[in-house]
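In case you want the letters, here they are:
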Amino acid sequence: MCGIVGYIGSQDAYPILIKGLKRLEYRGYDSAGVALLNGDISVYKKKGKVSELEDYVRGKDTSCTIGIGHTRWATHGEPSDLNAHPHQSEKGLFTIIHNGIIENYAVLKQGLIEHGMSFKSETDTEVLANLIEYIYTTQQVSVENAVGLALKKVIGAYGLVVLSREDPNLMIAARRSSPLVIGLGSNEYFIASDATPIVEYTDRVIYLNNDDMALIRRNELVLKNLTSDGTSVNIQTLDLGISEIEKQGYDHFMLKEIFEQPRSIKDTFRGRIQPETNEIRLGGLHEVKDKLVGARRIVIIACGTSWHAGLVGEYLLEDMARIPVEVEYASEFRYRNPMIGPDDVVLAISQSGETADTLAAIQLAKESGALVLGICNVAGSSISRETHAGVYTHAGAEIGVASTKAFTAQVTVLTMMAMMIGKEKGLLDEERFAHLIRELNEIPGKIEKILEQNEEFVRIAKIYKDATNALYLGRGVSFPVALEGALKLKEISYIHAEGYPAAEMKHGPIALIDQNMPVVFIATRDSSYEKIVSNIQEVKARNGVVIAIVTEGDETIRGMADHVIEIPETDDSLIALPTVIPLQLIAYHIAVMRGCNVDQPRNLAKSVTVE
Ligand code: G6P
């Protein structure tokens with residue numbers, strides 16, 4: 001979604017802002033802009049990419065040591081130069097960049113119009129700029145108080161930064177629901193919506209709490225809270241390396257992240273699985289382990305790819321831990337008056353830790369007395385702070401909008417959780433447990449072997465790049481993998497794709513089968529193998545085209561399918577981890593061949609911070 005960057009110090013601000021905006025490009029956006037404070041405030045903004053903004057600004061005077069920059073993902077008003085941020089108040093006293101939605105903007109706007117104010121854009125952000133200016137001019141308060149009083153009138157979510165001509169050495173940042181992080185330099189501060197624009201300058205950061213307001217001058221940072229007397233200030237050290245946010249020779253972040261999976265899975269289980277003592281230790285769950293093991297029910301809440309990981313988790317937890325699991329879209333859960341009580345454990349899964357619907361669902365679950373746990377990739381994110389306890393995936397920064405390594409890391413954590421509970425409840429005996437630990441330990445090596453087949457995936461992609469539809473089928477734990485494969489293809493290549501449980505094919509999708517629609521089967525050797533072989537035959541009998549992911553050495557399916565992708569033999573419970581890899585790569589290559597912007601697919605955002 002929108003990206004925010006700001007700088008105040010003694011360095012040239014403009015290059016820091018532009019570089020920061022480029023670092024934020026992965027979040028998805030449609031326009032970009034900067035405001036540069038040098039005596040007066042100059043605002044430059046453009047529809048399109050940051051490079052278009054750069055072209056537009058080239059040749060203009062950009063000298064300044066205080067500035068703010070923004071990438072916008074349209075919510076109120078179409079993408080245009082006018083609607084791009086920063087926005088200025090009517091008299092130009094205040095300049096603001098904003099992430100989030102001001103829900104009562106129409107009422108506020110009407111009130112300001114009645115007081116004679118006029119508006120240039122259709123955005124909710126300009127309403128806020130004018131509201132601050134109105135309060136400042138009519139109530140004769142300080143810049144800080146004008147911002148604080150305006151924010152008290154706002155209903156909705158915001159992460160924002162304000163500059164004012166009236167106090168040109170001050171930068172004000174505030175957040176409610178939309179993340180902001182401040183980087184601490186020496187006599188300089190950086191501000192951003194996530195740590196990626198900051199990491200190359202400092203690793204000391206403060207994540208703002210909800211309703212925090214930061215008053216930032218070159219040599220002073222004051223933190224206040226708009227709803228309580230004080231706020232907790234926690235200076236953290238960033239666990240993010242610059243190499244993680246660069247492509248390192250890969251054509252795209254998505255490709256880099258797909259190839260990182262042997263490492264990211266290993267990082268996620270390292271130190272947590274203990275083959276020597278036949279144990280799993282998830283430190284973040286230590287305090288709540290008894291409650292988790294005794295849970296009456298686990299309700300998983302998530303969105304997008306994280307929801308697919310949750311579906312894999314449902315199979316694993318029910319199978320190994322024998323706890324009933326429900327997997328809910330956070331956006332549905334939060335508005336459904338869900339039946340949750342103190343005996344339930346609610347498990348939120350999120351790569352970014354900032355998804356607005358998941359955050360709201362967590363709040364609701366907490367209010368109903370449930371133990372709320374998180375599986376998050378971003379340390380310090382809102383979800384990691386709002387949950388009672390949790391487990392981090394150690395996938396490293398994921399920049400490609402289409403989630404890949406976060407998914408396999410989430411599945412790895414869910415596998416460890418299910419194993420831990422299963423063992424604790426005496427449902428997995430020592431031998432089975434030790435076998436699973438060994439198998440999990442071998443997954444990274446098996447994924448390496450699959451990645452070595454990349455050229456074969458390129459070959460398959462070439463054949464099907466012009467398809468208009470695709471169907472992905474799997475049974476059991478491979479059904480969510482089918483959903484994930486279909487999502488990968490549609491989100492980055494814009495080919496319509498659907499995932500289905502293989503047996504459901506006969507209840508609808510079978511009508512679509514023809515020679516032009518590839519049908520991708522996840523058909524590894526497991527308990528439903530014979531059934532899925534029958535499903536493949538049903539597709540072939542109707543002249544369908546089959547791409548099958550099979551267990552190494554499977555000659556039966558090789559004799560039927562048009563293409564066969566072999567996966568090293570793996571325990572049934574862990575099969576989601578290797579089988580998703582070819583699906584990610586085929587989607588990637590098809591998207592590249594179709595000329596699509598793989599890392600920033602149209603209309604999508606990496607982290608959906610508005611509902
Ligand atoms: C967006 C992203 C997806 C992601 C989903 C949930 O749609 O494009 O890749 O799966 O949000 O995000 P989260 O950060 O909560 O996992």
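Residues numbered from 1 in each chain as written. Predicted model: local features only at pLDDT ≥ 70, side-chain atom pairs only at ≥ 80, totals over all residues. Heavy atoms only, no water.

J.: Explain the overall build of the protein chain here, please?
T.: Summing up its helical and strand segments, the protein chain has 19 helices and 26 strands in all. Seen through its C-alpha atoms, the protein chain measures out along the principal axes to roughly 80 × 55 × 45 Å. Sorting the 611 residues of the protein chain into buried and exposed places 62% on the buried side. The long-range fraction of contacts in the protein chain, counting pairs at least 24 apart against all pairs at least 6 apart in sequence, stands at 71%. For the protein chain, the computed accessible surface area is about 22800 Å², with 47% contributed by carbon and sulfur atoms. Within the protein chain, one finds 61 positive and 81 negative side-chain charges whose respective centroids are separated by 2 Å. (Helix = DSSP H or I, 4+ residues; strand = E, 2+ residues; numbered from the N terminus. Buried < 20%, exposed > 50% of the residue type's maximum accessible area, 1.4 Å probe, protein only. Contact = heavy atoms within 4.5 Å. Areas by Shrake-Rupley, 256 points an atom, 1.4 Å probe, with all protein chains shown as cover. Lys, Arg positive; Asp, Glu negative; His and termini not counted. Charge placed at Lys NZ, Arg CZ, Asp CG, Glu CD.)

J.: Looking at this model, I keep getting lost on the nonpolar core. Mind explaining?
T.: Buried together is how nonpolar side chains tend to be arranged in soluble globular proteins. Judged by nonpolar contacts, the single largest core of 93 residues is most densely connected at Ile298 and Leu373. Among the elements that line this core, the one with the most residues is helix H19 (residues 576-593), at 11 residues. Here Leu373 is in contact with Leu285, Val288, Leu292, Val345, Val346, Leu347, Ala348, Thr387, Ala389 and Met417, once residues within four sequence places are set aside. One finds Ile18, Tyr29, Ala192 and Ala195 within the second-largest nonpolar core, a separate group that totals 33 residues. (Core = buried A, V, L, I, M, F, W, Y, C linked by side-chain atoms within 4.5 Å.)

J.: How should I be thinking about the side chain of Asn83 in this particular structure?
T.: Following the sequence through the fold, Asn83 ends up in the loop between strand S4 (66-72) and strand S5 (87-88). Here Glu78 takes part through its backbone oxygen, which lies 2.9 Å from a polar atom of the side chain of Asn83. (Polar contact = N/O pair within 3.5 Å; in protein donor to acceptor, adjacent residues only side chain to side chain.)

J.: Please clarify how the site of the ligand should be interpreted in this entry.
T.: Neighbouring the ligand are 13 residues; Ser306, Ser350, Gln351, Ser352 and Thr355 lie closest to it. Between an oxygen atom of the ligand and a side-chain N or O atom of Ser306, the distance comes to 2.5 Å. Contact with the protein chains removes 91% of the 390 Å² of surface that the ligand exposes when unbound. Residue contributions to the shell around the ligand peak at three residues, all from helix H9 (residues 304-321). Classifying every residue of the shell around the ligand gives four nonpolar, eight polar and one charged. (Near = heavy atom within 4 Å. Nonpolar A, V, L, I, M, F, W, Y, C, P; charged D, E, K, R; others polar.)

J.: Sorry, what's going on with helix H11 (residues 356-367) here?
T.: Along an α-helix, residues three or four apart share an orientation, since each turn contains 3.6 residues. If you check H11, its first and last C-alpha atoms are 17 Å apart, about what 12 residues at 1.5 Å a residue would give, namely 16 Å. Lining the buried residues of H11 we find strand S17 (297-302), helix H10 (330-333), strand S19 (344-350), strand S20 (371-376) and helix H12 (382-386). Looking one or two residues past H11, Gly369 carries a phi angle of roughly 90 degrees, positive in sign. (Expected span 1.5 Å × (residues − 1).)

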